[in-house]
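Spelled out, the chains give:
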Amino acid sequence: MGTMEEPGDHAHSDLRLRRLFETHRLAVLAYCMRRAARWDAHDAAAEVFVVAWRRIDDIPDGDAALPWLYGVARRVLANIHRSERRRHRLYNRLASKTDAGVEQTELQVVRRAEDQRVLDAASQLPEADREVLFLSAWEGLSHREVAEVLGMSETASRKRLERARRRLEKELNRTVQGARAAESGGL
């Protein structure tokens, strides 16, 4: 008997969501458009109904449904605005860094042979490892800032940097051992 109720419940939920969407989509979109840029407003309104679909049983009946949807829209828009502020802060912080330019920075870094070996070893690493290493070392970003750039948690950023450093160390050891073997073989 439980299996007979599940399809009915699912159909009821789908019907309820469809009715909520048809009844309130324009009001939710207007709410979002008054608070965000057009492209963000459309994304936010769509996200409101994704949340409504996931939480269909939490939505109050009748006239209370629209305020509930507005509450979801407010939180969705807050997340969009928060992400935008983070992006702007990070962009401004990166833009305010030295104006030396990439070429000049690279020339300064590779002046010594040891630095060149590090760059050579790094070039053998996967792009994701190089990116996290360079954001940390060259750009001087904190774990939190690296996490923002890469769109991940600070914990994930730390772990990725630790793995990349271990891989770089392995690659450096391999190239140093290869150079030593070449030198001793040539004598």
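Heads up: the structure comes first, above all this text.
Residues numbered from 1 in each chain as written. Predicted model: local features only at pLDDT ≥ 70, side-chain atom pairs only at ≥ 80, totals over all residues. Heavy atoms only, no water.

**A short note on the overall build of the protein**
Phase 1: A tally of regular secondary structure across the protein gives 8 helices and 0 strands.
Phase 2: Its helices and strands taken in sequence order, the protein reads α-α-α-α-α-α-α-α from the N to the C terminus.
Phase 3: Within the protein, the fraction of its 187 residues that count as buried is 26%.
Phase 4: Contacts spanning at least 24 positions in sequence make up 61% of the contacts within the protein whose residues lie at least 6 apart.
Phase 5: Total accessible area computed for the protein in this model is approximately 13000 Å², and 52% of it derives from carbon and sulfur atoms. (Helix = DSSP H or I, 4+ residues; strand = E, 2+ residues; numbered from the N terminus. Buried < 20%, exposed > 50% of the residue type's maximum accessible area, 1.4 Å probe, protein only. Contact = heavy atoms within 4.5 Å. Areas by Shrake-Rupley, 256 points an atom, 1.4 Å probe, with all protein chains shown as cover.)

**Here's the deal with the nonpolar core**
Proteins that are soluble and globular tend to have nonpolar side chains buried together.
Phase 1: By size, the foremost hydrophobic cluster in this structure holds 24 residues, and its most contacted members are Val-28, Cys-32, Val-48, Ala-52, Ile-59 and Leu-69.
Phase 2: Where this core is concerned, the elements lending two or more residues are α1 (2-33), α2 (38-54) and α3 (65-96).
Phase 3: With 8 residues, α3 is the single largest residue contributor to this core.
Phase 4: For Ile-59, the contacting residues outside a window of four places in its chain are Arg-16, Leu-20, Ala-52, Ala-65 and Trp-68. (Core = buried A, V, L, I, M, F, W, Y, C linked by side-chain atoms within 4.5 Å.)

**Quick word on the packing of aromatic side chains**
Aromatic ring pairs are defined here through the distance separating the ring centres and the angle between the ring planes.
Phase 1: Evaluation of the coordinates by the stated rule reveals 2 aromatic pairs.
Phase 2: Ring geometry for Phe-21 against Phe-49: centres 5.0 Å apart, planes inclined by 80 degrees, an arrangement best described as edge-to-face. Linking Phe-21 in helix α1 with Phe-49 in helix α2, this pair joins segments that are 28 residues apart in sequence.
Phase 3: The exposure class of Phe-21 is partly exposed, given its relative accessible area of 38%. (Phe/Tyr/Trp six-rings, centres within 6.5 Å; stacked < 30°, edge-to-face > 60°.)

**With respect to the environment of Pro-60**
Phase 1: Mapped onto the elements, Pro-60 comes out in the loop between α2 and α3.
Phase 2: The class of Pro-60 is partly exposed, set by a relative accessible area of 27%.
Phase 3: Look past the residues within four positions of Pro-60 in its chain and what remains in contact with it is Arg-16, Ala-65 and Trp-68.

**Looking at α2**
At 3.6 residues per turn, the α-helix brings residues three or four places apart onto the same side.
Phase 1: The end-to-end C-alpha distance of α2, which contains 17 residues, comes to 25 Å, matching closely the 24 Å that a straight helix rising 1.5 Å per residue would cover.
Phase 2: The complete set of buried residues in α2 reads Asp-40, Ala-41, Ala-44, Ala-45, Val-48, Phe-49, Val-51 and Ala-52. (Expected span 1.5 Å × (residues − 1).)

**Focus on a positive patch on the surface**
Phase 1: A surface patch of like charges, here positive, comprises Arg-82, Arg-85, Arg-86 and Arg-89.
Phase 2: Among the structural elements, Arg-89 can be located in helix α3. (Patch = residues over 30% accessible without salt bridge, like charges linked within 9 Å, V, L, I, M, F, W, Y side chains within 5 Å. Salt bridge = Lys/Arg side-chain N within 4 Å of Asp/Glu carboxyl O. Lys, Arg positive; Asp, Glu negative; His and termini not counted. Charge placed at Lys NZ, Arg CZ, Asp CG, Glu CD.)

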